[in-house]
Amino acid sequence: MVIKAQRGTKDVFGDEIKTWQKIEKNAREVFSKACFEEIKTPVFEATELFSRGVGESSDIVNKEMYTFYPKFDSKETITLRPENTAGVVRAYIEHNMTRQSPPQKFFYFGPMFRYERPQAGRQRQFYQVGIEMFGIKEASADAEVILAAVEFLKSLNLNNLKVEINSLGCPKCKDDYRASIKEVLKPYLNELCDECKVRYIKNPLRILDCKNENCKKILESKEIKEVIYKDYICNECKEHFDALKKYLDELNINYCINKLLVRGLDYYSRTVFEIKSDALGSQNAICGGGRYDGLVEMLGGNPTPAVGFAMGVERLYSIIKKEQPSKIDYFIVSNNTKEALKLAQKLRQKGKIVDFDYQNRKFAKQFEKAAKVAKNAIVLGEDEINQEYYSIKDLNSGLQTRVNSIDDLI
Ligand code: HAM
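Residues numbered from 1 in each chain as written. Predicted model: local features only at pLDDT ≥ 70, side-chain atom pairs only at ≥ 80, totals over all residues. Heavy atoms only, no water.

Our focus in this paragraph is the layout of surface pockets. In this model, the second largest pocket occupies a volume close to 400 Å³. Of all the secondary structure elements, the ones that give two or more residues to the lining of the second largest pocket are helix H2 (47–53), helix H6 (171–185) and helix H11 (295–298). Ranked by residue count, the leading element in the lining of the second largest pocket is H6, at four residues. Of the residues in the lining of the second largest pocket, the class split is seven nonpolar, four polar and nine charged. (1 Å grid on protein atoms, 1.4 Å probe; cavity = no way out; pocket = protein on both sides within 12 Å on 5 of 7 lines; lining within 4 Å. Points joined across faces, edges and corners; volume = space filled by probe spheres on them. Helix = DSSP H or I, 4+ residues; strand = E, 2+ residues; numbered from the N terminus. Nonpolar A, V, L, I, M, F, W, Y, C, P; charged D, E, K, R; others polar.)

The buried fraction of strand E7 (residues 162–167) is high, at five of six residues. Pairing analysis gives two bridges linking E7 to strand E8 (residues 256–257), with the strands arranged parallel. Within the sheet, the bridge partner assigned to isoleucine 165 lies in E8 and is isoleucine 257. (Buried < 20%, exposed > 50% of the residue type's maximum accessible area, 1.4 Å probe, protein only. Pairing = 2+ DSSP bridges.)

Attention now moves to the packing of helix H5 (residues 139–155) against helix H10 (residues 235–250). Two measures define how a pair of helices packs: the angle their axes make with one another and the distance between the axes. Look at H5 against H10: their axes get within 8 Å of each other, and the N-to-C directions meet at 40°. It follows that H5 is oblique to H10 by the angle criterion. Seen from above, H5 lies across H10 with right-handed handedness. Seen from H5, the contacting residues are Ala139, Ser140, Asp142, Ala143 and Ile146; seen from H10, they are His240, Ala243, Leu244, Tyr247 and Leu248. (Axes fitted to C-alpha atoms, helices over the stretch in contact; angles between N-to-C directions. Parallel < 35°, antiparallel > 145°, perpendicular 65-115°, else oblique. Left-handed = near helix turned anticlockwise from the far one by under 90°. Contact = heavy atoms within 4.5 Å.)

This next bit is on the sheet that holds strand E2 (residues 44–46). Each strand in a sheet pairs with its neighbour through backbone hydrogen bonds, running either in the same direction (parallel) or in the opposite one (antiparallel). Strand order in the open sheet formed by three strands is E2-E4-E3, with antiparallel pairing between adjacent strands. On the outer flanks of this sheet lie E2 and strand E3 (66–68), each paired with one strand and no other. Taken over all neighbouring pairs, the strand axes of this sheet differ in orientation by 30° on average, direction set aside. Alignment of E2 against strand E4 (residues 78–80), held across three bridges, turns out to be antiparallel. Pairing of alanine 46 across the sheet is with isoleucine 78, part of E4.

On to the sheet that holds strand E12 (residues 328–334). Taking strand neighbours across the sheet as the criterion, the five strands line up as E13-E12-E14-E15-E16 in an open arrangement whose pairing is mixed. Either end of the sheet is taken by a strand with one partner, and the two such strands are strand E13 (354–356) and strand E16 (400–403). The sheet shows a mean angle of 25° between the axes of neighbouring strands, direction not considered. Note: E12 against E13, three bridges, orientation parallel.

Counted by the stated rule, this structure contains 37 salt bridges. For glutamate 48, the salt bridge is made with arginine 52, and the minimal N-O distance between the two is 2.8 Å. Of the two residues, glutamate 48 and arginine 52 both sit in helix H2, four residues apart, roughly one turn of that helix. The class for glutamate 48 is partly exposed, based on a relative accessible area of 46%. Of the charged contacts in the structure, one is a salt bridge between aspartate 278 and lysine 162, with a shortest N-O distance of 3.5 Å. Taken together, the residues aspartate 278 in the loop between strand E9 (271–276) and strand E10 (285–291) and lysine 162 in strand E7 connect sequence positions 116 residues apart. (Salt bridge = Lys/Arg side-chain N within 4 Å of Asp/Glu carboxyl O.)

We now examine the pairing of strand E11 (residues 306–312). The element E11 is extensively covered by neighbouring structure, given that seven of its seven residues are classed as buried. With burial as the criterion, each face of E11 is covered, one bearing Ala306, Gly308, Ala310 and Gly312 and the other bearing Val307, Phe309 and Met311. Pairing geometry for strand E6 (residues 125–134) and E11, over seven bridges, is antiparallel. Note that in E11 the partner of isoleucine 131 across the bridge is phenylalanine 309. Taken together, the five bridges between E10 and E11 define a ladder with antiparallel strand orientation. Note that in E11 the partner of glycine 289 across the bridge is phenylalanine 309.

With that settled, the discussion passes to helix H13 (residues 337–349). Because the α-helix completes a turn every 3.6 residues, residues three or four places apart line up on one side. With 13 residues, H13 should reach 18 Å at 1.5 Å per residue; the first-to-last C-alpha distance of 18 Å fits that figure. Taken residue by residue, H13 has Ala340, Leu343, Ala344 and Leu347 as its buried positions. Mapping the buried residues of H13 onto a view down its axis gives an arc of 105°, with all of them on the same face. Opposite the buried face of H13, at more than 90 degrees from it, the exposed residues are Lys338 and Gln349. Contacts made by the buried residues of H13 are with E12, E13, strand E14 (374–380), strand E15 (390–394) and helix H16 (406–409). After H13 finishes, the residue glycine 351 shows a positive phi value of roughly 90°. (Expected span 1.5 Å × (residues − 1). Arc of directions from axis to C-beta.)

A few words now on the site of the ligand. By nearness alone, 27 residues border the ligand, and Glu83, Thr85, Glu116, Glu132 and Tyr268 come closest of all. For the ligand, an oxygen atom lies 3.0 Å from a polar atom in the side chain of glutamine 128. Between arginine 263 and the ligand, the recorded distance is 2.9 Å, taken from a side-chain N or O atom to an oxygen atom. For the ligand, the accessible surface in isolation is 660 Å², of which the surrounding protein chains cover 95%. Taken together, the elements giving at least two residues each to the shell around the ligand come down to E6, E10 and E11. (Near = heavy atom within 4 Å. Polar contact = N/O pair within 3.5 Å; in protein donor to acceptor, adjacent residues only side chain to side chain. Areas by Shrake-Rupley, 256 points an atom, 1.4 Å probe, with all protein chains shown as cover.)

Before going further, it helps to spend a moment on the side chain of asparagine 166. Tracing the backbone through its elements, the reader meets asparagine 166 in strand E7. Here asparagine 166 falls in the buried class, since its relative accessible area comes to 4%. Polar side-chain contacts of asparagine 166 include one of 3.4 Å to the backbone oxygen of lysine 259. Beyond its immediate chain neighbours, meaning those up to four positions away, asparagine 166 contacts Phe241, Asn258, Lys259, Leu261, Arg270, Thr271 and Val272.

Right, let's get into the environment of leucine 395. Relative to the helices and strands, leucine 395 is located in the loop between E15 and E16. Judged by its relative accessible area of 23%, leucine 395 falls in the partly exposed class. On a C-alpha basis, the gap between leucine 395 and alanine 371 in space is 6.1 Å, while along the polypeptide they are 24 residues apart. Beyond its immediate sequence surroundings of up to four residues, leucine 395 is in contact with Ala370, Ala371, Ala374, Lys375, Asn376 and Ala377.

See the structure below:
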């Protein structure tokens, strides 16, 4: 039986990989310019990192983790990372980075794993590109992080995406808000969808971004709207949020405030944000992020404010202009594999992209291939080898020239 890729996973190759490479290259360039350094953390971690870090009440921890015993007699389970914030925080604490002077700024690119129902824009293995910034409590860090996301998207010619922001407030504000939401939703408890009935107990704020039409309708009622849209955050949190808004205005970053934006991971406090594209259908978030000032301490480090985001690479891929496959510099047309190999080696050492025929096929066949993949063909027939010259054909104009050395050839 033919073995196929697992449901919700995908092979990336051929023309598609060029666009992926561009996404990764632009991320490196844009984030490095803002002094974020790359960090690579393992794809599996102790399960507890995520159950504590991402939060027991999140969908990710509740139903989406790939958790298993690595050996039949192992005592502890491990989990394939469903996201990378917890892993970066673990590394930050483990390598004593709390002792260094802030900020510490990281970016990453890599696969994440969530056992979700696969659909357009939602996979079980997907890639994220993201950044995490530690040590700065001021809103300037939130602005820096949102700016990095927007500049990266601009570098991919994605200019008209919706930036939505909200402030969940500090843990105290969040608790008060949770209590008011519970109170006002109490009479509607039986009408909520099954998931929201559970959320009502575990994490009532998540009811605010439920996609179920009936739940959405309930949230439209006047008394509930009044609670949602009331300014519930404390003065300090309000000042923080106002400062962020001012920075974004100064940076000409268009944003809107979405009071229903609460995010699905438990670690957020104060700023949360998402960047959305109408081109994406129901899974329309390209980027999600926010501040998580309590997470480092919760995972055993010194109290350290932090903020970051992650973007789904498959979702990015689906909306950006695709890269065209580019032609290689030279295709060597020859019946002498040894000489063709030697010439390829010399040209590659000089930085050129070179291929040749490995099977000594007829010249006509080799020229056919050359015309498809290369800008130039170098003919290396018996005459050329015996008399030590090269014939080079520009495959665009058809012009053929004879040269005596590799330097002349280049
Ligand atoms: P998240 O919202 O769970 O946040 O994921 C971020 C992005 O990853 C989403 O906006 C989406 O583009 C992509 N994504 C998530 N799940 C899938 C999936 N199943 N298939 C395809 N793409 C997906 C986080 O992961 C946080 N760690 C972000 C963060 C970093 N917050 C602070 N720092």
